[in-house]
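Structure assessment
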Amino acid sequence: MGVPNWKDPLLWMNLALPCTTLSLGKHLDWMDLTEFYKKFWHLLGPELIKTLNASCQLGELPQSCRRALLTLIPKKGDMLRIENWRPISLLCTDYKIFSKALASRLAPYLSSLLKKTNVSVPKRSIYDNISLVRDIIELCKESPKDLGLLLLDQEKAFDRVDHRYLFDALLTLIPKKGDMLRIENWRPISLLCTDYKIFSKALASRLAPYLSSLLKEDQCYCVPKRSIYDNISLVRDIIELCKESPKDLGLLLLDQEKAFDRVDHRYLFEVLERFGLGSTFISSIKILYNNIYSVLKINNELVAPLSINKGIRQGCPLSGLLYALSIEPLLVSVHCRLTGVSLSQLERPIKVLAYADDVCVFVQDINDVNIVRYCLSLFEKASSAKVNWNKTSALWLGPLFYLAPRLPAPLSWANDGVKYLGVFLGNNPP
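Along each chain, residues carry numbers from 1 onward, in the same order as the chain's sequence is written. Selection of residues for local features in this predicted model requires a pLDDT of at least 70, selection of side-chain atom pairs for listing and counting requires 80 or more, and totals for whole chains, interfaces and linings are taken over all residues. To get the side-chain values, all heavy atoms of the structure are used, and hydrogens and water are removed first.

Below, the discussion takes up the environment of Ser-393. Tracing the backbone shows Ser-393 in strand E11 (residues 393-396). Remark: the alpha-carbon pair of Ser-393 and Leu-253, spanning 140 residues in sequence, is separated by 5.2 Å. By the convention used here, residues are in contact when the closest approach between their heavy atoms is within 4.5 Å. Apart from the residues lying within four places of it in its own chain, the contact partners of Ser-393 are Leu-251, Leu-252, Leu-253, Leu-411 and Val-418. Secondary structure elements are taken from DSSP: a helix is a run of H or I of four residues or more, a strand is a run of E of two residues or more, and numbering for both begins at the N terminus.

Below you can see the structure in the form of structure tokens.
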């Protein structure tokens, strides 16, 4: 599968289909130009595409699309009470074509994102819920049971949705390991609203099929048809081969401190541009990280919203893909400078392996160690990353342990085995 033309988002949103499927009279409009657009789409379409492309890049639609003619239609009850009228926005045809294109892109993913109890999804029907409730009532008549139904009504549900709520996150902490009194031993998880996740999932599903062509074989995190077991098996095989044919070789298992939370947003967007994802697709991602807030939950209490200026949100469907792309410059830098390990049984020299921020580097001497430190220094300056040398581990496979190159303090070589991606590899498991 080749790399798509990211620079033209309207290829994947397919504006032509929304235009041709709009129904005259069905969509209220203060000036309904549906038939006019259908008739002259071959002339109007290219200009509309240019306009909407520019709007996506600027992050704002034209004024004609941002303004709506608001009319009120009666619901039921006392017509003298304002809450018994429903506000309807009459929108221009340009807006409706663009909106319908976005809706058609999101719709296929709703069934996997929303629970079965929500029937606002393709191939689900309002009658499913009606029939289920009716059946439960009938069953309770046959087999009496203490049960009540609460039919909740949201006051002005659509009109009360806070725009900022769509992009705010509830930040909760889950324990990792070690001393629970130390904040670094807790992992922040962003609990995001469904609207946000639908949009993020749509972007992730668009990007995922192309990761294998964007990322080297060294990285297997979030890349389709690559697995964490590929790296574990390869490292285990190299350890076994070095036992059969002794070779001066060391493994550095690097640990990134708060890897996802430290990613600088400017660095991230620059990396995405260098990968050629295109300004409009990147603008869609920027929407998820522009002027965002998190509300921290501590002891079941919520604190005031915190402005988030860096980091990739763990809990977002797109986060793993973004992190894999953000750490790729480090992997490429190391890959280009190191010799790596070459064995007759291996198809290619192995220099570095990664599963997200769990990076395994193969070094042979002090020069290789210095190269790794240099690459890490550049990466830290660019991305705000930081290596945690206290949690980094090292395994020397060479026969002459005393000749192993010197490592940055407090890191030291082990010669019995190490834990890699949760699996102990070596001679003497703890």
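There's more to say after this.
Looking now at the packing of aromatic side chains. Within 6.5 Å between ring centres, the rings of Phe, Tyr and Trp (the latter by its six-membered ring) count as paired, and their orientation is classed by plane angle as stacked under 30 degrees, edge-to-face over 60, tilted in between. The full count for this structure, using the stated rule, is 4 aromatic pairs. With a centroid separation of 4.5 Å and 15° between ring planes, the pair formed by Phe-260 and Tyr-323 is classed as stacked. Taken as a pair, Phe-260 in the loop between strand E5 (250-254) and helix H12 (265-274) and Tyr-323 in helix H14 (residues 319-337) lie far apart in primary sequence, 63 residues in all. Of the two residues, Phe-260 and Tyr-323, both sit in the buried class. Between Trp-396 and Trp-413, the aromatic rings sit 5.2 Å apart at their centres with planes inclined by 65°, giving edge-to-face as the arrangement. Of this pair, Trp-396 sits in strand E11 while Trp-413 sits in the loop between E11 and strand E12 (417-420); the two residues are 17 residues apart in sequence, bridging distant segments of the chain. The pair formed by Trp-396 and Trp-413 is uniform in burial state, with each residue classed as buried. Exposure classes here rest on a 1.4 Å probe applied to the protein chains alone. A residue is buried below 20% of its type maximum, exposed above 50%, and partly exposed in between.

Before going further, it helps to spend a moment on unusual backbone geometry. With an omega of 5°, the peptide bond running from Ala-409 to Pro-410 counts as cis. Even without glycine at this site, Cys-222 takes up a positive phi of about 65°. The residue Cys-222 is located in the loop between helix H10 (211-214) and helix H11 (228-244) in this model. Given a relative accessible area of 32%, Cys-222 falls into the partly exposed group. One non-glycine residue, Ser-384, adopts positive backbone phi at about 75°. Looking at the secondary structure, you find Ser-384 in the loop between helix H15 (366-383) and E11.

Time to look at empty space enclosed by the protein. If a probe the size of a water molecule is rolled over the atoms, the empty space left behind becomes visible. Grid points spaced at 1 Å over the protein atoms alone were grouped into cavities, where a 1.4 Å probe fits but cannot get out, and pockets, open sets with protein on both sides within 12 Å along at least five of seven lines, with lining residues defined by an atom within 4 Å of a point. Grid points are joined across faces, edges and corners, and a volume is the space filled by probe spheres set on the points. Evaluation of the coordinates by the stated rule reveals 1 cavity of 30 Å³ or more. Its volume calculated, the largest cavity comes out at about 50 Å³. Around the largest cavity, the lining residues are Gln-256, Ala-259, Arg-262, Val-263, Tyr-323, Phe-379, Ser-383, Ser-384 and Ala-385.

Packing of H12 against H14 leaves a shortest axis separation of 9 Å and a crossing angle of 85°. With respect to each other, H12 and H14 are oriented roughly perpendicular. Across the interface between the two elements, Tyr-267, Leu-268, Val-271 and Leu-272 of H12 pack against Leu-322, Leu-325, Ser-326 and Pro-329 of H14. Polar here means any residue other than Ala, Val, Leu, Ile, Met, Phe, Trp, Tyr, Cys and Pro, which are nonpolar, and Asp, Glu, Lys and Arg, which are charged; Gly is therefore polar. Looking at the contact of H12 with H14 residue by residue, the class counts come to 7 nonpolar, 1 polar and no charged. To get an axis, a line is fitted to the C-alpha atoms, and for a helix only the part in contact is used. The angle between two axes follows their N-to-C directions and goes from 0 to 180 degrees. Any angle that falls under 35 degrees is termed roughly parallel, while one over 145 is termed roughly antiparallel, one within 65 to 115 roughly perpendicular, and all others oblique.

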